[in-house]
Amino acid sequence: MRLNLSLSTKLAAMVAVPLLINLGFLFYLSDLQSKTESEAGEAKRSREITDAINVISKNIYESSSELHGQKLTPEFVSSRNVSRIETEMRTAYKKLLTATEHEPRKYKLVSESQAAAEAALSIFRIMQENPLIQTDLRFEDKRKTYNRRLRKLGATVLSEELLELNREEKFNLERSPEREAKLRDLQKQIFFIFASTNAIVTVVIAFLLIRGISSRLQTMSDNAYRLASDMPLNPVLKGSDEIARLDQTFHKMSEAITQAEKKQRAVTDNARDVICSLDAAGKFVAVNPASKTVLDYTPQELMGRYYVDLIVAEDVAHVLSCMEAANKDANTKPFDARMKRKGGQVVDTLWTAVWSPVEKSYFCVIHDDTERKSAERMKQEVVAMITHDLRTPLSTIRNFLEMLDADMYGQLTEKGEKMLALADRNSLRMLSLINDLLDVEKIKAGMMELVLTKTHLEPMLEHCAQSLATLAESSDIKIDVASEKIVVKADEDRLSRVVINLLSNAIKFSPSGSTVTLSAQCSPDGKFARVMVTDEGRGIPEEMVGTIFDRFTQVMDADSRSKGGSGLGLAICKALVELHGGTISAASGQNGKGTTFTFTVPTE
């Protein structure tokens with residue numbers, strides 16, 4: 001039965017099994033090392049015991065030799081000799097007591113021997129303090145008594161049990177090197193067995209684990225190749241470890257990619273635009289069915305053809321330059337191109353091209369732009385019609401009205417004067433609307449060119465304010481000009497038109513007796529000049545701030561009748577400011593009263 005273990009569990013087992021074996025062997029080796037060290041300690045202890053007993057034996061034998069002569073010589077009981085014996089004996093007993101402190105029987109034996117030795121030493125000290133005991137016949141009985149006691153104490157000090165202890169320790173000491181050698185040999189054998197077992201177990205576990213992992217990883221690698229080659233994948237791997245879950249996820253991803261490709265293909269096949277890819281040489285390598293509708297070519301007819309063969313000759317250079325720009329910059333804007341249909345008809349198209357460095361291909365969307373281009377051409381015709389068919393007659397009418405105003409055709413009555421003034425205002429308004437429409441179309445078509453020069457902002461603003469001084473005085477409005485000395489890079493005539501337009505709007509929508517402020521200052525980074533026109537009028541509703549610069553937009557519908565204007569002035573201002581590379585915005589003051597228009601232009 002196969003265990004469904006995770007890969008991490010298998011790896012943990014691979015580490016844990018050798019680790020447990022290592023720990024077992026290390027524990028056993030540690031135990032052997034402890035026994036070896038214990039044996040060395042026993043040998044040391046045995047050596048100390050035998051050395052100490054030998055010292056005691058030596059001193060006892062020296063004393064026994066004197067006692068067999070029935071008389072201790074004064075030299076033997078001299079202070080120096082007794083002190084030496086006392087020092088040697090006490091040092092030896094101290095070592096014996098330390099060595100046998102954990103063995104009660106031996107410790108008791110040594111203690112009894114030490115007590116007898118101390119008693120003997122006390123007799124030696126008495127004889128040392130009373131030399132006459134050794135020489136004077138009057139102390140013969142006492143001397144004999146001391147000698148008998150010393151013989152008896154000597155037998156107790158060097159008892160048969162102590163001598164047996166000495167023999168035992170000598171035997172242990174003699175056998176200790178052999179036992180230590182056996183323990184060290186056993187350590188070497190165990191270490192060799194440990195190393196061999198560890199290596200074999202590690203190799204076996206690694207082989208089993210790697211064989212199970214590598215075969216399944218090979219399956220995963222083959223699945224990746226099959227997915228890239230659009231081939232069926234291998235069956236899903238069984239199990240619940242990480243590799244099996246990864247393979248299951250891989251199969252789900254493959255299914256998701258297949259579904260996404262189906263959806264993408266459905267979108268591409270049903271798209272109205274031509275979606276295609278071109279290789280680095282400019283040949284079609286993939287085209288959707290929309291090519292039949294747009295160009296009257298089937299995808300099969302376009303495969304392998306150069307796209308430039310379908311471009312109108314006059315547009316080839318422009319299209320090639322745009323494609324080259326797309327190759328270098330991913331943010332290239334769409335571009336126009338005229339293409340030839342299968343029957344030779346010309347169709348206007350809008351191209352969007354993106355270069356893929358990985359695929360070494362262009363991905364293009366070709367939109368049929370014929371209707372929009374036709375509408376633009378129609379609009380241009382309408383503009384041309386307005387220019388020729390409306391502006392010219394209006395100019396003639398205004399000239400005639402000026403002649404009437406100059407009494408060139410006789411004196412007009414008071415009612416005629418009023419009607420003449422009304423006709424003059426309306427014709428002027430109509431002519432202004434036509435001119436505004438033409439300017440908007442010029443800007444949109446990119447036909448309005450700017451003549452950029454160094455322009456001193458302060459005198460230009462003063463001049464704009466003076467040109468509207470009469471209009472301001474008629475409405476009892478004061479114009480304040482406050483400008484820093486700034487030099488900008490601008491078309492002075494176009495910029496003056498922006499200022500005059502904003503200033504005239506502020507005057508028209510300001511209450512009588514109020515002040516309109518015209519100011520200019522440099523931005524903090526010094527790159528732009530900010531011009532502001534502020535009035536004290538009714539303000540702009542918050543919901544209209546975002547659309548106030550759209551064409552034909554006015555705050556109130558009645559403004560076109562009561563204040564005049566076409567609703568194109570702010571749209572023209574916005575276009576002219578953006579042509580200069582600046583921005584324009586509007587904001588109402590507190591409580592919705594008063595408005596500030598702000599635009600920026602680059603400084604010189």
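Look a little higher up for the structure.
Residues numbered from 1 in each chain as written. Predicted model: local features only at pLDDT ≥ 70, side-chain atom pairs only at ≥ 80, totals over all residues. Heavy atoms only, no water.

A. How the structure looks around the overall build of the protein. A tally of helices and strands in the protein yields 17 helices and twelve strands. Per-residue burial for the protein yields a buried fraction of 35% across its 604 residues. Sequence-distant contacts, at least 24 apart, represent 62% of the contacts inside the protein between residues at least 6 apart. Surface exposure of the protein reaches about 35900 Å², of which carbon and sulfur atoms provide 57%. (Helix = DSSP H or I, 4+ residues; strand = E, 2+ residues; numbered from the N terminus. Buried < 20%, exposed > 50% of the residue type's maximum accessible area, 1.4 Å probe, protein only. Contact = heavy atoms within 4.5 Å. Areas by Shrake-Rupley, 256 points an atom, 1.4 Å probe, with all protein chains shown as cover.)

B. Region of interest: the nonpolar core. In terms of nonpolar packing, the biggest core is built from 44 residues, with L457, L461, V488, L495, L502, L503 and F599 touching the most fellow members. Top element by residues in this core is helix 15 (residues 492–508). It accounts for seven residues. Setting aside anything within four residues of it in sequence, one finds L461 in contact with V481, S483, V499, L518, A520 and V531. If you look at the next biggest cluster of nonpolar residues, it comprises 27 residues, including V274, F284, C322 and A353. (Core = buried A, V, L, I, M, F, W, Y, C linked by side-chain atoms within 4.5 Å.)

C. The arrangement of the packing of aromatic side chains in detail. This model, assessed by the stated rule, comprises four aromatic pairs. Taking 5.7 Å as the distance between ring centres and 50° as the angle between the ring planes, the aromatic pair formed by Y307 and W351 counts as tilted. With a gap of 44 residues between them, Y307 in the loop between helix 9 (299–302) and helix 10 (316–328) and W351 in strand 4 (residues 346–356) connect regions that are remote in the sequence. Among the aromatic residues, ring-to-ring pairing joins Y307, F335 and W351 into one connected group. (Phe/Tyr/Trp six-rings, centres within 6.5 Å; stacked < 30°, edge-to-face > 60°.)

D. Inspection of the sheet that holds strand 12 (residues 595–602) at higher detail. The mixed open sheet is built from five strands, whose spatial order is 7-9-10-12-11. Both edges of this open sheet fall to strand 7 (478–483) and strand 11 (584–588), since each of them pairs with a single strand only. If you compare each strand with its neighbour and ignore which way they point, the axes differ by 15° on average. (Pairing = 2+ DSSP bridges. Axes fitted to C-alpha atoms, helices over the stretch in contact; angles between N-to-C directions.)

E. Molecular detail of a nonpolar patch on the surface. On the surface, a nonpolar cluster with roughly 400 Å² of combined accessible area is contributed by L19, L20, L23 and L26. Counting through the fold element by element, L23 comes out in helix 1 (residues 7–68). (Patch = residues over 30% accessible without salt bridge, like charges linked within 9 Å, V, L, I, M, F, W, Y side chains within 5 Å. Salt bridge = Lys/Arg side-chain N within 4 Å of Asp/Glu carboxyl O.)

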